[in-house]
Each structure stands twice: as C-alpha cells, then as structure tokens.
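Breakdown of the fold
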Amino acid sequence: TIKNNNLHISFVSSNRGMSSIDIHTPDGMDAGNNIDPSPLIGDDQSYHTSLSIISGNERGFPKKGSISSDNNVDTDPLGVPSPPTWRRPISSTRTYLTELSGFFSWKFLSWLAIDQCFISGGSLALVTTLSLPLFKELGIGAARQQLYMSMLMSPFAMKPFIGVASDLFPIRGYNKKYFALYSILIGLLGCSVLLGLYHSGATEMAVIQGEDASQRLADIIVICFTAVVYEAAALDILGEGKYAELMRDHPESGSSIISFKFGWAMLGSLVTTIFVGPLSDAGYFHVLFWITLVLSLMPFYPTLAGWIPERLRTFQEPGMVKLCKGCLYDQGSFQEKKMPFIVITLCGLSAPLLAAVTTYADLAIGVAFSAGLITAFLVATYYIFPRTFFRVFLSIVIGYMGSVSVGSALGYYYTASEECVPNGPNFSYTYYVTVTGIVGSVVNFSAVILYQNFLSNWRFRPVLIVTIVIGSLASIVDLIIIMRWNVAIGIPDTVFFLLGNAVFENLVMILQSIPFSAVFAKMAPPGMESAVFAYTVGIANFCGMVSSILGSGVIRWSGMVTVGDTCDFKALPTLIVIFRMMVPMLVGIPAVFLIPNVFQTEQLIDWDQEQWYENGSDVTQPSAQGNEKNDFSADSLHDHH
C-alpha cells in the first residue's frame with residue numbers, strides 16, 4: 001500500500017498469481033487529475049488508447065502499470081522496460097521487448113529495427129568502411145581522405161533541415177512517410193549512378209592517367225556515397241523525431257529505445273563487416289556497390305505501408321495552407337515558432353556548404369567559416385531557447401568540438417604496406433575491417449547489454465564522465481602499437497590490436513553514444529520534437545564534422561606523409577597524446593557539468609516550468625527571479641504533431 005496526501009494505491013495479489021491495483025482518492029477529487037495516464041501507443045489506427053492498469057491488452061502482454069507475480073518474468077510495477085539480463089537472457093529479452101512495445105508499438109519498433117539493421121548498420125557502415133581501401137587505392141592521402149569523409153557525412157549535419165522540412169511540409173497528409181520514401185529513392189539513385197560509372201579496373205585506369213583522373217573519380221564516388229548517407233541520415237532523424245516525441249510522453253521508458261536502436265545497428269554492422277574486408281582485398285568494389293543497392297531498398301515497403309506512426313494532416317486544420325496537390329504548408333506552426341525554425345533550417349543547410357568549401361576550396365577558409373557559424377548558432381540558441389536548454393546545447397558543442405579527429409592517419413598507418421612502414425603492423429583489410437569488425441560488433445552488443453544493466457540507472461553526469469575518461473585512456477593501445485612497445489615485449493600487433501583497440505574503442509563508442517542519444521531525445525520540447533531533436537543532433541554532427549576538418553588540417557600541417565613508398569608517421573604519437581587523450585578530458589569533463597544531473601528516467605528539461613512562451617516577435621529575457629522565459633508558449637507548441 002502506498003499513501004500520500006492525495007492518493008492511496010493498493011496492490012492486491014490473488015492466489016492465482018495475478019495482481020490488481022485499487023486507486024482511491026479523497027472525496028471530491030478526481031483520480032484523473034492526479035495521475036498522468038501516459039496513454040500507450042498501441043492502436044495502429046488512432047495511436048492513442050486509454051490507460052488499463054489491471055488487465056493486459058488485446059495482444060496479451062501487460063500494459064504499463066500492470067503487475068505479474070510470475071517469478072520467471074521480470075516486470076516493473078511502474079512500467080519501466082526491464083533490461084535483458086545474463087541470468088535469464090531469453091525470457092528477460094522477451095519481456096523487455098514486450099514492455100518496450102507498450103510505449104512505442106510493434107510496427108514502429110519493426111520499422112526502426114529494419115532501418116538500423118539494413119541502413120545504419122548496413123549501407124551506411126559499408127560506404128564509410130569502404131572509403132579507406134578505395135581512396136588508398138586511388139592514391140588519396142589521409143588528410144584529403146578525412147576531408148572526403150566530412151563531405152560524405154555532411155547529410156547527418158543536415159538533420160535540422162530535414163526535421164524542419166518534415167514538420168512544416170506534410171506530403172499527402174504525412175510529415176514523415178514521404179520524406180522517408182524520397183530519401184530512399186535518393187540513396188538508390190546514388191547507388192545506380194555509381195554502378196553506371198564505376199566498373200572493374202576503373203581505379204587502375206585512373207591511377208595510370210594521373211592524379212587529376214584519380215581525384216575526379218574520387219569526387220564522383222564521394223557524391224554517390226553522400227547520396228547513400230543522405231538516405232541513412234534522413235531515415236535516422238525521422239525515426240529519432242518519432243521516438244523523441246514518445247519518450248517525452250513516457251520519460252519512464254528511460255534509454256531503453258536507444259539500446260534497442262543500437263542493438264539492431266550493431267547486428268547489421270556485424271554482418272556487413274564479414275564481407276567488406278575480403279572483397280576489398282580482392283578489389284571487388286563493384287560487388288560491394290551492388291550489395292549497397294540492395295540494402296538501400298530494404299526499408300521501402302515498411303515505410304510505404306505506414307509503419308511510422310503518425311496522424312493524417314489536412315488543409316482544414318488551423319494554419320494549414322495547401323501549396324499544391326499533395327503538399328501542405330503548416331504556416332501556423334511556422335508563424336508561432338518562426339525564429340527557431342529559421343535557425344534550425346540554417347544550421348542544416350550550412351553543413352553541406354561548409355563541407356564543400358573545405359573539400360573543394362580552401363581548408364583555412366572552411367575552418368574560419370565553421371567558427372563563425374558555431375558562434376552564430378550559440379548566440380541564436382541563447383536568445384531563442386530557455387537557459388537550461390542553452391546550457392545543455394553548449395555542453396554538446398564543447399564536448400564534440402573537443403574531440404579533434406586523427407582517425408584517417410591511424411587507418412593509413414595500420415594498413416600501410418611494408419614499403420611505406422617497414423616493420424609496421426601492415427594489416428590487410430580482411431583483418432583490419434572484417435576480423436576486428438566482428439570482434440568489435442560482439443563487444444558492441446556486450447556494451448549495449450552492459451549499459452542497460454549497469455549504467456542506465458545512473459545520473460547523466462557520472463555516466464558521461466566515466467565514458468569520457470575510459471575513451472581517452474583507450475587510445476593508449478594505439479600509442480603502444482605505434483611506438484612498437486608491444487613488439488618489444490613479444491606481443492604481435494594482430495593480437496595486441498585485437499585485444500586492445502578492437503575491444504576498448506568499440507566499447508567506449510557505445511557507452512558514450514547511448515547517454516548522449518538520450519540527452520538529445522530529452523531536450524525536445526512538446527510540439528517540436530522532430531525539429532529540435534534534429535537541431536541538437538545536427539549541431540552535434542556539425543561540430544563532429546568541424547573536428548574532422550580540424551583533424552585534417554592537423555594531419556596536413558604536421559608534415560605526415562601517408563601514401564607512397566616513403567611514408568612519414570613520426571608526428572602521429574604526439575597527435576594521439578594531445579588530441580585523443582588530453583584534450584577530450586580537459587574539455588569534455590568540465591562541459592558535462594552544464595548538463596542537469598538528473599537520472600536518465602527523468603525529464604531533462606521541465607518545459608512547463610520553463611514557460612517557453614510567445615509574445616509577438618519579441619524575445620523575452622530571463623526574469624530577475626531566474627525564471628527563464630523566451631517567446632514560445634508550451635501551450636502553443638503542444639498540438640504541433
């Protein structure tokens with residue numbers, strides 16, 4: 001029995017193992033006024049149901065609030081998805097998925113699993129992994145290859161633009177469905193053009209014709225790869241916007257959906273890495289392009305069938321304008337939240353512009369341009385959003401900018417030939433991509449389970465600090481191999497790299513990604529879930545892209561030579577110590593303290609308390625009492641979706 005001043009709840013267990021719940025309120029008080037029913041997303045037609053706290057639903061699994069006394073099943077009387085455990089992996093996983101579906105619906109979970117397995121873990125992992133052997137074969141150096149990677153990954157920094165477009169322009173009445181379908185077609189177009197232009201022996205011919213021919217072919221490959229990545233980024237933000245909306249309605253779900261997402265992505269990545277390495281060593285790149293085409297097609301039917309839950313929008317809605325046949329414009333929402341939409345859109349559009357400037361014009365101009373953009377976004381965020389939001393946003397910017405990437409130089413070092421790096425690791429792609437990738441995928445699965453069981457109940461600050469420290473220390477493995485200390489004590493490179501780098505770096509990647517993904521999702525205000533989630537994720541990807549551009553400059557300015565027969569990697573150990581070990585801790589740990597120290601199952605930002613309201617076009621500054629108010633009302637935002 002649980003009692004407080006307003007509520008009396010009794011859990012009554014029968015002798016048949018079933019339980020019921022009785023709720024009593026004082027006379028004259030309505031229980032509905034004191035209990036948030038948190039309706040389940042279970043009805044595939046209307047996507048809203050009323051709360052049932054005594055019996056299971058029509059599909060036979062317990063709804064939120066139901067309790068079972070079956071000792072073989074882990075359940076939570078508050079409805080929190082119980083994570084899979086090592087003691088009962090099968091039954092606990094089944095219970096976890098069943099409870100998760102009570103918050104997110106089976107169809108949406110199925111769509112998300114297909115997207116993450118075949119796109120994020122499939123085609124996206126394939127093209128990003130393939131860039132190293134393909135560009136090396138074309139004679140492209142590490143610094144240039146890292147710029148190509150920033151261009152290739154720029155669609156992920158375009159997420160704010162994609163999110164705003166999907167919010168404001170429903171196509172045939174749906175905000176997400178047709179944007180997802182069009183992104184799939186763009187990915188298929190990129191694969192088709194690539195297959196039409198690239199054929200067996202194309203790289204050898206380009207190398208023979210000279211540096212200009214090699215770079216032209218590389219430019220075409222990057223554009224086609226970018227189309228494939230755009231499909232992955234668009235589907236990712238559309239799915240993230242939907243589960244961010246549902247996580248806000250059900251904060252007690254914690255980071256369970258994030259673990260589900262990463263689990264399926266890791267499964268797809270595991271399968272992909274099995275064949276990428278051997279086919280790359282054999283030079284069968286055109287086969288890999290055909291595989292990419294098939295993977296890009298996989299989400300088409302689930303998306304067309306409407307597995308993303310959303311309601312049909314009509315032009316009769318207040319503020320809705322019909323632009324043309326099949327296309328609507330939510331003018332009312334744009335007018336209510338004009339400044340956030342403009343800033344978010346500019347953030348998304350700036351990413352491909354920055355990538356193009358740095359890749360095809362001048363690196364220094366790109367760095368200066370990116371510094372100006374980030375400063376502008378910080379100022380705009382400060383004046384538009386509540387101060388709590390701004391502090392979390394600033395933490396994200398600082399943390400991601402503090403991780404200057406020198407990953408391309410490491411990849412070139414590990415896979416360098418004997419002529420390039422005498423007595424070096426000289427890893428084949430089969431080992432470097434496939435063998436270590438399989439080990440890494442197993443570690444990733446373990447990391448998801450580890451996080452869900454041991455870290456998901458931590459507060460945000462300690463879990464982020466621990467992962468930052470572990471991530472920085474993991475680079476010691478790279479330093480030991482480059483300095484050849486492992487060989488000096490008799491440990492081969494293949495063994496030391498497999499047990500060190502392949503394990504710790506993959507472990508840290510997941511342990512850092514899950515809490516940050518939860519932070520992104522919990523920053524979204526009511527009514528602007530897709531757009532604001534896209535803004536926070538987009539600025540994180542934008543800052544990651546800038547750190548990659550800075551890393552390219554560091555590699556170039558260090559004087560390293562990464563291709564040819566006379567390579568020079570003498571500066572690499574110094575870069576690792578500074579940019580992979582010291583800077584992330586010195587910058588990232590203080591930035592964590594800008595994030596509210598709440599549990600992962602709690603709301604990160606209380607939007608009702610923040611009183612984010614609109615008063616014409618003027619932005620209201622924080623009051624003297626510390627109430628952080630801007631110009632957008634929570635009520636005016638509530639019904640956007």
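Residues numbered from 1 in each chain as written. Predicted model: local features only at pLDDT ≥ 70, side-chain atom pairs only at ≥ 80, totals over all residues. Heavy atoms only, no water.

Further remarks concern the nonpolar core. Core analysis: the largest hydrophobic core is formed by 171 residues, its most contacted members being Phe 104, Tyr 243, Ile 257 and Phe 542. In contact with Phe 542, not counting residues within four places along its chain, are Ala 157, Ser 350, Ala 351, Leu 354, Ser 370, Leu 373 and Ile 374. (Core = buried A, V, L, I, M, F, W, Y, C linked by side-chain atoms within 4.5 Å. Buried < 20%, exposed > 50% of the residue type's maximum accessible area, 1.4 Å probe, protein only. Contact = heavy atoms within 4.5 Å.)

Compared with an ideal rise of 1.5 Å per residue, which puts 27 residues at 39 Å, helix H17 (residues 429–455) spans 34 Å between its outermost C-alpha atoms and falls more than 12% short. Bending of H17 peaks at approximately 35° at the position of Gly 437. (Helix = DSSP H or I, 4+ residues; strand = E, 2+ residues; numbered from the N terminus. Expected span 1.5 Å × (residues − 1). Bend = angle between axes of the 7 residues up to and from the residue.)

This part is about the state of the cysteines. Under the definition given, this model contains one disulfide. The residue that forms a disulfide with Cys 420 is Cys 567, at a sulfur-sulfur distance of 1.7 Å. Here the S-S torsion is close to -115°, and the disulfide linking Cys 420 with Cys 567 is therefore left-handed. Pair noted here: Cys 420 is in the loop between helix H16 (407–414) and H17 and Cys 567 is in the loop between helix H23 (529–557) and helix H24 (572–592), with a separation of 147 residues, a long-range link. Grouping residues by exposure puts Cys 420 and Cys 567 together as buried. There is no disulfide at Cys 191, and the cysteine sulfur nearest it, in Cys 224, is 8.4 Å away. Exposure remark for Cys 191: the relative accessible area of 2% places this residue in the buried category. With no disulfide partner, Cys 327 has as its closest neighbouring cysteine sulfur the one in Cys 324, 4.6 Å distant. (Disulfide = S-S within 2.5 Å.)

Below, the discussion takes up the side chain of Glu 231. Here Glu 231 shows up in helix H8 (residues 211–249). Those residues in contact with Glu 231, other than ones at most four positions away along the chain, are Ile 119, Ser 183, Ile 184, Gly 187, Leu 188, Ser 296 and Pro 299.

The next point concerns the packing of helix H5 (residues 159–168) against helix H13 (residues 338–360). Close contact between H5 and H13 brings their axes to 6 Å; oriented N to C, the two are set at 135°. Taken together, the axis directions place H5 and H13 in an arrangement best described as oblique. In this structure, H5 contributes Pro 160, Phe 161, Val 164, Asp 167 and Leu 168 to the contact, and H13 contributes Phe 341, Ile 344, Thr 345, Cys 347, Gly 348 and Leu 349. Residue classes in the contact of H5 with H13 are distributed as eight nonpolar, two polar and one charged. (Axes fitted to C-alpha atoms, helices over the stretch in contact; angles between N-to-C directions. Parallel < 35°, antiparallel > 145°, perpendicular 65-115°, else oblique. Nonpolar A, V, L, I, M, F, W, Y, C, P; charged D, E, K, R; others polar.)

This brings us to the confidence of the model for the protein. For the protein, the average pLDDT comes to 76, and 79% of its residues sit at 70 or higher. Looking across the protein, the model is least confident in helix H26 (residues 634–638), with a mean pLDDT of 34, and most confident in helix H11 (residues 300–304), with 94. Note that pLDDT drops below 50 for residues 1–80; the model gives that stretch 123 contacts with residues more than four away or on any other chain. Scored below 50 in pLDDT, residues 613–641 shows 80 contacts in the model against residues more than four places distant or in partner chains. (pLDDT = per-residue confidence, 0-100.)

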